[in-house]
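In case you want the letters, here they are:
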Amino acid sequence: MKRKVISIVLTAALVAGALAGCGESGQGNASQKSDSGKDLVVLRDAVMTGQLDQYATEIGLWQGIFEEHGIDLQTTEFVAGINTIDAVVTGTADIGMMADYAAVNRLGNTLKENDLQIFSELSGAGALTGGLYVAPKYVDNLEALDGSEGFITQTGTVSDYYVSQAIEYLGFDEDKQNIVNSDSSQTTLSLAQSGGASAIVATGSNAKYLEDYGWQQVVSSSELGIETGAYYLAKEGFIAENKEQLAEYLKAVYESAQYIDAHLDESAEYLEGKLGVKADDFKLQWQTYQIKTGFSEEAALHLEQIENWAYTHGKFDTDYEVRDFIVTDVVDIAFPENVTIQK
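Residue numbers restart at each chain and count upward from 1, following the sequence in its written direction. Local features in this predicted model are restricted to residues whose pLDDT is 70 or higher, and side-chain atom pairs enter the listing and the counts only when it is 80 or higher, whereas totals over whole chains, interfaces and linings include all residues. With hydrogens and water stripped out, all remaining heavy atoms of the structure feed into the side-chain values.

Student: Just checking my understanding: could you explain the overall build of the protein chain for this structure?
Tutor: Scanning the protein chain for helices and strands turns up 15 helices and 13 strands. For the protein chain, the proportion of contacts with a sequence separation of at least 24, taken over those separated by at least 6, is 77%. By definition, any uninterrupted DSSP run of H or I lasting at least four residues is a helix, any uninterrupted run of E lasting at least two residues is a strand, and each is numbered from the N terminus. By definition in these notes, contact holds between two residues if any of their heavy atoms fall within 4.5 Å.

Student: Looking at this model, I keep getting lost on helix α4 (residues 81-90). Mind explaining?
Tutor: Given 3.6 residues per helical turn, the α-helix brings residues three or four places apart onto the same face. Listed in full, the buried residues belonging to α4 are G81, T84, I85, A87 and V88. For α4, the angular spread of buried residues about the axis comes to 150°, placing them on one side. With its phi angle positive at about 90°, G91 sits one or two positions after the end of α4. When accessible area is computed with a 1.4 Å probe and restricted to protein chains, residues below 20% of their type maximum are described as buried, those above 50% as exposed, and intermediate ones as partly exposed. The reported arc concerns the directions from the helix axis to the C-beta atoms and nothing else.

Student: Can you help me understand the nonpolar core in this one?
Tutor: One recurring pattern in soluble globular proteins is that nonpolar side chains are buried together. By size, the foremost hydrophobic cluster in this structure holds 102 residues, and its most contacted members are F119 and Y249. With nine residues, helix α11 (residues 243-262) is the single largest residue contributor to this core. Other than its neighbours up to four places away in sequence, F119 contacts I95, Y232, L233, A234, I239, L246, L250, V327, V330 and V331. To define a nonpolar core, start from buried Ala, Val, Leu, Ile, Met, Phe, Trp, Tyr and Cys residues and group those joined through side-chain atoms within 4.5 Å.

Student: Could you clarify how one ought to interpret the environment of D280 in this entry?
Tutor: Tracing the backbone through its elements, the reader meets D280 in helix α13 (residues 279-286). Sequence-wise, D280 and E269 are 11 residues apart; in three dimensions their C-alpha atoms are separated by 9.1 Å.

Student: Would you mind showing me how to read the pattern of salt bridges here?
Tutor: Two side chains carrying opposite charge are able to pair once their charged atoms lie near each other. Here a salt bridge means any side-chain nitrogen of Lys or Arg lying within 4 Å of a carboxyl oxygen belonging to Asp or Glu. Applying the stated criterion across every chain yields a total of 10 salt bridges. Among the ionic pairs, D280 bridges to K283, the shortest N-O distance being 3.9 Å. In this pair, D280 and K283 both sit in helix α13, three residues apart, roughly one turn of the helix. Residue classification places D280 among the exposed residues on the basis of a relative accessible area of 55%. Through salt bridges with shared partners, one network takes in D265, D280 and K283.

Student: Would you mind going over the environment of E321 with me for this structure?
Tutor: Turning to its location among the elements, E321 is positioned in the loop between α14 (297-312) and α15 (329-334). The sequence separation of E321 and E307 amounts to 14 residues, and the corresponding C-alpha distance is 8.4 Å.

Student: Can you walk me through the packing of α11 against helix α12 (residues 264-275) in this structure?
Tutor: Two quantities define a packed helix pair, namely the angle between the helix axes and the distance between the axes. Lines fitted to the C-alpha atoms define the axes, with helices restricted to the stretch that makes contact. Angles between their N-to-C directions range from 0 to 180 degrees. Taken N-terminus to C-terminus, the directions of α11 and α12 make an angle of 105°; their axes are 5 Å apart at the nearest point. One way to sum up the angle between α11 and α12 is to call them roughly perpendicular. Between α11 and α12, the contacting residues are Y259, I260, D261 and A262 on the first element and L264, E266 and S267 on the second. Should an angle fall under 35 degrees it is taken as roughly parallel, and over 145 as roughly antiparallel, whereas 65 to 115 is taken as roughly perpendicular and any remaining angle as oblique.

Interpretation in functional terms is not warranted from these geometric data alone.
Laid out in structure tokens, this is it:
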């Protein structure tokens, strides 16, 4: 496989996001009191910039939902899921979120020293909006994509999986394709504008911006068979010692998501002022999520499918059982009706 690496200086917004990840965290399970004198337990949450977990926690904090559940939630922002879990591993955060591919890949590459467990879904595995977008000259000639300028990915992320699925759908030999590594959304848009790539699997606001450059969707995510989900992880010992607290956290996240659904414009306006995300972009992105706290059999099968793909594509050396790293103790308390996984 031919692989290009494209490096472009990150924008000030991304730099600010990365620096935000260096902020202070809370102090584990220390007790605090709310302004009303209610006892609260500190929970340190590593959130991902511009993703579901950040949006839900920001709104929940704004509306006092976490306090209602006895939690003094202290968040630290990171630019990627791998960084949130690094924070958990090093002990600077208690919990973090990863998308399906990242979680499977992280577990597969740290089997010998791993003490992480997946304790809940955050969003269920479902078909994404968007799909395969191509440069204008390929819209009516998909066969010409074979060996073209390249399929854009962010190496080490779920984008690798999406690109592989798209190439398989098109019937091309993956080893003969140019794979263009982008380090950010801004780099991706620069590649689209300059003609440095020919195709990408895109969703949400990224898809909208590509359309501004004349790129068009030629295959939907559902046609590609692409699904995604997000999951919460923590250390095994922390989960065992804090089941009730984590259950209250999941309830608070779910209530926060419900609040956003019921007050979408208000929430978008707040997040634009708080985080700088454009209100319209947030609303487009939010509508791609399927909030689902619990653990379904479908989610387990989805993770197994990704693990099989990652192992057979050389992402890690040992084939392993994903279910060995899934625990339902927390969701059995918080959302027992949403637990259908078979172990």
